[in-house]
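Observations on chain architecture
The chain contents come next:
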Amino acid sequence: MLNLTFLKNNLVAGISIAMKAVPTRTSLPILECFLLEAKDGSVTLTANDMEMAVKTRLSAEVNESGKVAVDAKLFSEIVRKMPEDEVNIAVTDSLQVRITSGKTHFEIAGKDGNDFVDMPFMEKGTPIVVSQMTLKDIIEETIFSIAPNENNKMMTGELFEINNNVLRVAALDGHRIAIRYSVLPDYYEKKAVIVPGKTLNDISRILSGDASKTVNIYMGRNNILFEFEDTVLMSRLIEGEYFRINQMISDNYETKLVFNRRELLECIERSVLLVRETDKKPLILDIKDESTTLSLNSVIGSMKEEIFAEKEGKDLLIGFNPRFLIDALRAVSDEKINLYLSNSRAPGYIRDDEIGR
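Residues numbered from 1 in each chain as written. Predicted model: local features only at pLDDT ≥ 70, side-chain atom pairs only at ≥ 80, totals over all residues. Heavy atoms only, no water.

1. Notes on empty space enclosed by the protein
Cut-off, in case you're wondering: Here a cavity is any set of points on a 1 Å grid over the protein atoms alone where a 1.4 Å probe fits but cannot get out, and a pocket is any open set with protein on both sides within 12 Å along at least 5 of 7 lines; a residue lines the site when it has an atom within 4 Å of a point. Grid points are joined across faces, edges and corners, and a volume is the space filled by probe spheres set on the points. Helical segments are the DSSP runs of H or I of at least four residues, strand segments are the runs of E of at least two, and each set is numbered from the N terminus.
Applying the stated criterion across every chain, the model contains one cavity of 30 Å³ or more. The volume enclosed by the largest cavity comes to roughly 60 Å³. Among the elements of the structure, α5 (261–271), α6 (322–331) and β22 (336–341) are those that each provide at least two residues to the lining of the largest cavity.

2. Quick word on a negative patch on the surface
Put simply, the test is: Exposure above 30% relative accessible area and no salt bridge define the residues that can form patches, which grow by joining like charges within 9 Å and nonpolar side chains of Val, Leu, Ile, Met, Phe, Trp and Tyr within 5 Å. Methods summary: accessible areas were calculated by the Shrake-Rupley approach with a probe of 1.4 Å, and residue burial reflects only the protein chains presented. Should a side-chain nitrogen of Lys or Arg be within 4 Å of a carboxyl oxygen of Asp or Glu, the pair is scored as a salt bridge. Note that His is not counted, nor are the chain ends; the positive residues are Lys and Arg, and the negative ones are Asp and Glu. Taken as the charge location is NZ of Lys, CZ of Arg, CG of Asp or CD of Glu. Throughout, exposure labels follow a simple rule: accessible area from a 1.4 Å probe, protein chains only, divided by the maximum for the residue type, with under 20% read as buried, over 50% as exposed, and the rest as partly exposed.
A surface patch of negative charge is lined by Glu-61, Glu-84, Asp-85 and Glu-86. Residue placement: Glu-61 occurs in strand β5 (residues 61–64). Among the residues examined, Glu-61 registers a relative accessible area of 48% and is labelled partly exposed.

3. Remarks on unusual backbone geometry
Peptide bonds are mostly trans, and most non-glycine residues show a negative phi. Positive phi, normally seen in glycine, also occurs at Met-50, with a value near 80°. Turning to its location among the elements, Met-50 is positioned in the loop between β3 (42–48) and β4 (52–58). The class for Met-50 is partly exposed, based on a relative accessible area of 34%. In this structure, Leu-95 is a non-glycine residue whose phi angle is positive, near 65°. Along the chain, Leu-95 turns up in the loop between β7 (86–91) and β8 (96–101).

4. Description of the sheet that holds β22
Quick reminder of the rule: A strand pair is defined by DSSP finding two or more bridges across the two strands. Between two residues, a contact is recorded if the distance between any of their heavy atoms is within 4.5 Å. To get an axis, fit a line to the C-alpha atoms, keeping to the stretch in contact for a helix; angles then go from 0 to 180 degrees between the N-to-C directions.
With antiparallel pairing, four strands are arranged side by side in an open sheet as β20-β16-β22-β23. Across the chains shown, the open sheet's two edge strands, defined by having one partner strand only, are β20 (310–313) and β23 (349–350). Across four bridges, strand β16 (residues 255–260) lies against β20 in antiparallel orientation. In the sheet register, Thr-255 faces β20, and the bridge partner there is Gly-313. Relative to the sheet, α5 contacts β16 and β22, its axis offset from that of β16 by approximately 90°.

5. Details of the pairing of strand β13 (residues 214–219)
Of all six residues in β13, five are buried; the element is thus mostly enclosed. Taken together, the four bridges between strand β10 (residues 128–131) and β13 define a ladder with antiparallel strand orientation. Within the sheet, the bridge partner assigned to Val-129 lies in β13 and is Asn-216. Sheet topology note: the β13/strand β14 (residues 223–228) ladder contains four bridges and is antiparallel. Bridge assignment links Met-219 to a residue of β14, and that residue is Ile-224. As consecutive antiparallel partners, β13 and β14 are separated by three residues.

6. Let's talk about helix α4 (residues 197–206)
Burial analysis of α4 places seven of its ten residues in the buried class, which makes it a mostly covered element. For α4, the set of buried residues is Gly-197, Thr-199, Leu-200, Asp-202, Ile-203, Ser-204 and Ile-206.

7. Examining the nonpolar core
Short version of the rule: Definition used in this section: a nonpolar core is a set of buried Ala, Val, Leu, Ile, Met, Phe, Trp, Tyr and Cys residues joined via side-chain atoms within 4.5 Å.
Formed by 61 residues in total, the largest nonpolar core has its most connected members in Phe-34, Leu-36, Phe-75, Ile-99, Leu-135, Phe-160 and Phe-226. Residue contacts for Ile-99: discarding those within four places in its chain leaves Phe-75, Ile-78, Met-82, Val-87, Asn-88, Ile-89, Thr-104, His-105, Phe-106 and Ile-108. The next biggest cluster of nonpolar side chains, apart from the first, holds 26 residues, and it includes Val-272, Val-275, Leu-316 and Leu-341.

8. Let's talk about the packing of aromatic side chains
Each aromatic ring pair is summarised here by two numbers: the centre-to-centre distance and the angle between the ring planes. Formally: Here a pair means two rings of Phe, Tyr or Trp (six-membered ring of Trp) with centres within 6.5 Å. Their orientation is stacked below 30 degrees between planes, edge-to-face above 60, and tilted elsewhere.
One pass over the full model with this rule turns up three aromatic pairs. Judged by centre distance (6.4 Å) and plane angle (80°), the ring pair of Phe-34 and Phe-75 falls under edge-to-face. Of the two residues, Phe-34 sits in strand β2 (residues 33–39) while Phe-75 sits in helix α2 (residues 72–81), which places them 41 residues apart along the sequence. Here the two residues Phe-34 and Phe-75 agree in accessibility, since each one is buried. Ring centres of Tyr-242 and Phe-243 lie 5.2 Å apart, and the angle between their planes is 70°; on these two criteria the pair is classed as edge-to-face.

What follows is the structure, encoded as structure tokens:
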């Protein structure tokens, strides 16, 4: 039962994708496995940690169909160390998995594939279609604003909201908020779901970022499904109603600055050389008609740097967490960025004028 021959690189690529849904700790030993299955000439590798499931199709020569569950970590390490370009996987009737490449032979214990917890069924409906490049950009430009811990579960995910032909994705951690708008070619029924940040991080790493390749996104009641190329990834959603982000942002401002993004980023990166990880020292912006000066003082030392900015509106003295600014500027690709400020106590907004709110 089950006899397959792979090009090693193809098998390793599939393992890398499926490994993202293998749990680090679980009370169900079967979930520490991949499900390797050949059926109707198609070969798939599946992993499921009960929060997220990944199924990816592999290119292989099918000598005999069947399925087996195999320890994911051990299988991955063995395959990666194989010496030749071709790898054969054969499973005996006693569920011993024989892995052969050239003159190298391994044999490890497998488990009954019928015991594996496969990806749950989901009624798909109409997909939201975006390019891989768009989805990858959306995630990378917002993911830095999710909360790193689960003190507030809602903050560990991102809002995916469809309204007509606009997809809005938002993330916040209590100190900052990142919002990305994307105009779609088609119109859709209004819907909003909260997607776990871990899921989005994993998808971002899998996506090629190719503008010519698409992703189908299906939003269900309890799950979201991403379908692209040879891979299907399904994730549980975070339950609840997301924060009212429209009430958190404003179009009103007293001061507008236009910076060269790279110059501003490099200036702030120099300033944090004086800040330890645990320190909370603000970066001060002294904004005047003739100059904008950035300064920072800490127990290590001090820095001051004048930087060019186009200014509209009032002079202002305001402080920011420099690491938050760095995260935001690294997520933006534009050559110039617009910074909107109301007063010394109100949030600042880095915003694309073309998109607005």
